[in-house]
Amino acid sequence: MKRAIYVIGSILVLAAALFVYASSSAVHEKMQYTVLEYKEPALPTDSVLSVMTFNLGYLSGMINNLPIKGTTAFFDGNLQNAKTLVSTLKPTILGLQEVDFASRRSFYQNQLDTLASAAGFGFAYRSINWDKRYVPFPYWPPSRHFGRMLSGQAIGTAVPIENVSTITLTPHLNAPAYYRAFYLDRLLQVAEVKFREERILMMNVHLEAFDRETRLDQIIVIKELFERHASEQPVLLFGDFNCEVPGREDEKDALSLLMDAPFISSAVPFDKASSNGTFPSSQPDRMIDYIFYNANFLTCTSAKVLEEAGQISDHLPVYASFILK
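(A) Structural context of the pairing of strand E3 (residues 93-100). Buried residues dominate E3, accounting for 8 of its 8 residues. As paired elements, strand E2 (residues 49-55) and E3 share 5 bridges and run parallel to each other. Residue pairing for E3: Asn-55 is matched across the bridge by Gln-97. The pairing of E3 with strand E5 (residues 147-157) spans 6 bridges and is antiparallel. Along E5, the bridge assignment pairs Ile-93 with Thr-157.

(B) Structural detail: the nonpolar core. Ranked by internal contacts, the top residues of the largest apolar core, which has 85 residues, are Ile-93, Ile-222, Leu-236, Leu-237, Phe-241 and Phe-322. Considering every element that reaches this core, the biggest residue donor is strand E4 (residues 123-135), with 6 residues. Residues in contact with Ile-222, not counting those within four places in the same chain, are Leu-169, Leu-188, Met-203, Val-205, Leu-207 and Leu-237.

(C) Spotlight on the packing of aromatic side chains. All told, the structure shown has 11 aromatic pairs when counted by the stated rule. Ring geometry for Phe-241 versus Tyr-290: centroids 5.7 Å apart, planes at 75°, classification edge-to-face. Here Phe-241 is found in the loop between strand E9 (235-240) and helix H6 (254-258), whereas its partner Tyr-290 is found in strand E11 (residues 289-294), with 49 residues between them in sequence. Neither Phe-241 nor Tyr-290 differs from the other in exposure class; each is buried. Between Phe-270 and Tyr-290, the aromatic rings sit 6.1 Å apart at their centres with planes inclined by 85°, giving edge-to-face as the arrangement.

The rules behind these values
- Residues numbered from 1 in each chain as written.
- Predicted model: local features only at pLDDT ≥ 70, side-chain atom pairs only at ≥ 80, totals over all residues.
- Heavy atoms only, no water.
- Buried < 20%, exposed > 50% of the residue type's maximum accessible area, 1.4 Å probe, protein only.
- Helix = DSSP H or I, 4+ residues; strand = E, 2+ residues; numbered from the N terminus.
- Pairing = 2+ DSSP bridges.
- Core = buried A, V, L, I, M, F, W, Y, C linked by side-chain atoms within 4.5 Å.
- Contact = heavy atoms within 4.5 Å.
- Phe/Tyr/Trp six-rings, centres within 6.5 Å; stacked < 30°, edge-to-face > 60°.

Shown next as structure tokens:
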């Protein structure tokens, strides 16, 4: 009996130790939020400000979050396609979500550095929101586990990025503790760039996907920050909001609250959302990725969902052009 108790106790201690180790971070806290410099800044000469937001889904296409393991060739091919896309468009500002910096699931690609180089960026603001030594997901089979995880959000641009900050949004309110221990943080990245003598505030978000109550809590923080700056300077708010346009869902969701903010407009008008879905990329039937702006400072001259991205990700990117008023 004593021996059985000892064995059970040892197993529990080992399991607890493995849990703590696997759910712990490997990157030092000071490196979680970092401005990266790639080369000498190139001042934009065009009067048009182009913005692109793209949830990369770690370049896993339609196998994202499925117990299917992509090959090295699969991820290399998607990375090459993503490079071609951004090098062709060369946006002034690129917001990324679910971008891997060195994760086992994507064969340790540094997707941010590769895309920043392809776009000709001099700077990027990187915020790590998923840093775990071992992520046991998808749950079965174990051979498909993500394992080492280093992923997050980023803003890339050709000009210097200043006044950066990262706000950790409300965690999943209705998830058990063991789930939250391995779950990613939902972040709001905030930064400024100087474009044609005007300081532009950029906000890059990735809202909660699986819990509406949490998403509503998160949007309150974002809305308050947008309102605080919207009357003072140009503001661009972009990212994966994980909810459809107001009126498309039965219950009031985050965007219904956000659209009460003064001066706010959507680059892709909501009345065109039904024909401009961003998810899933294989057969888009809903729009959950957006670029918002304050119309008192910015005029949107064009905007579209980039269907030519194909299935690089399970999302399609959104691209918009602006001029300063």
